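# Notes for the structure review
Given next are the chains, with one letter for each unit.
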Amino acid sequence: MEPAPLSSPNFDLEKQYKKYQGVLKGAVEGEVVTRFPPEPSGYLHIGHVKALLLNYHYAKMYKGKMILRFDDTNPTKESSEFVESIKQDMLTLGVTWDRLTYSSDHFTDMQGYARTLISQGDAYCDNTGVEEMRDMRLKMIESACRGQSAE
């Protein structure tokens, strides 16, 4: 898949980039990394496109990189059709990515971090229902799960 050409005789992208140089305070040229994290459960809409273009152009403006990271954490709603559609739509918009990843690529690492935090006593698992948890939070009541051992 190749990106659509971004050309217009009346539009100078580099000139536009210069107008916005310095917008990202403290950004170092060549070190800016942005990401676009769509959930592959539907087609792109205008809100996605706004976020996509901001991330893409900030990365380009600062000679950085953009990561396309599919947030594939809800398998009941996701489809490879949407992954391919999103990638094609991005190319149609002239947007390319430097690296493609999936949230699920990192599940093993995240699980390891969670186990470490729990074993250190810095986190806990809580099986309280959503409504009950919300009510307890509003009343500032500590969860019974908080005091359980990591075992």
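This write-up is about the structure you can find in this document. (Residues numbered from 1 in each chain as written. Predicted model: local features only at pLDDT ≥ 70, side-chain atom pairs only at ≥ 80, totals over all residues. Heavy atoms only, no water.)

Across soluble globular proteins, nonpolar side chains have a tendency to be buried as a group. Counting residues in each nonpolar core, the largest one holds 12 residues, listed as Phe36, Leu44, Leu52, Tyr56, Ala59, Met66, Leu68, Phe70, Val83, Ile86, Met90 and Val95. Where this core is concerned, the elements lending two or more residues are helix 2 (46–61), strand 2 (65–70) and helix 3 (80–92). Non-local contacts of Val95, meaning those with residues more than four positions away in its chain, are made with Leu52, Leu53, Tyr56, Met66 and Met90. (Core = buried A, V, L, I, M, F, W, Y, C linked by side-chain atoms within 4.5 Å. Buried < 20%, exposed > 50% of the residue type's maximum accessible area, 1.4 Å probe, protein only. Helix = DSSP H or I, 4+ residues; strand = E, 2+ residues; numbered from the N terminus. Contact = heavy atoms within 4.5 Å.)

Time to look at the side chain of Thr128. Here Thr128 lies in the loop between helix 4 (107–119) and helix 5 (130–138). Owing to a relative accessible area of 18%, Thr128 belongs among the buried residues under this scheme. A polar atom in the side chain of Thr128 sits 2.5 Å from the side chain of Asp126. The residues contacting Thr128, other than those within four sequence positions of it, are Met133, Met136, Ser143 and Cys145. (Polar contact = N/O pair within 3.5 Å; in protein donor to acceptor, adjacent residues only side chain to side chain.)

It is worth spelling out the environment of Glu14 at this point. In this structure, Glu14 sits in helix 1 (residues 13–20). Judged by relative accessible area, which is 46%, Glu14 ranks as partly exposed. The spatial distance from the C-alpha of Glu14 to the C-alpha of Glu78 is 37 Å, given a sequence separation of 64 residues.

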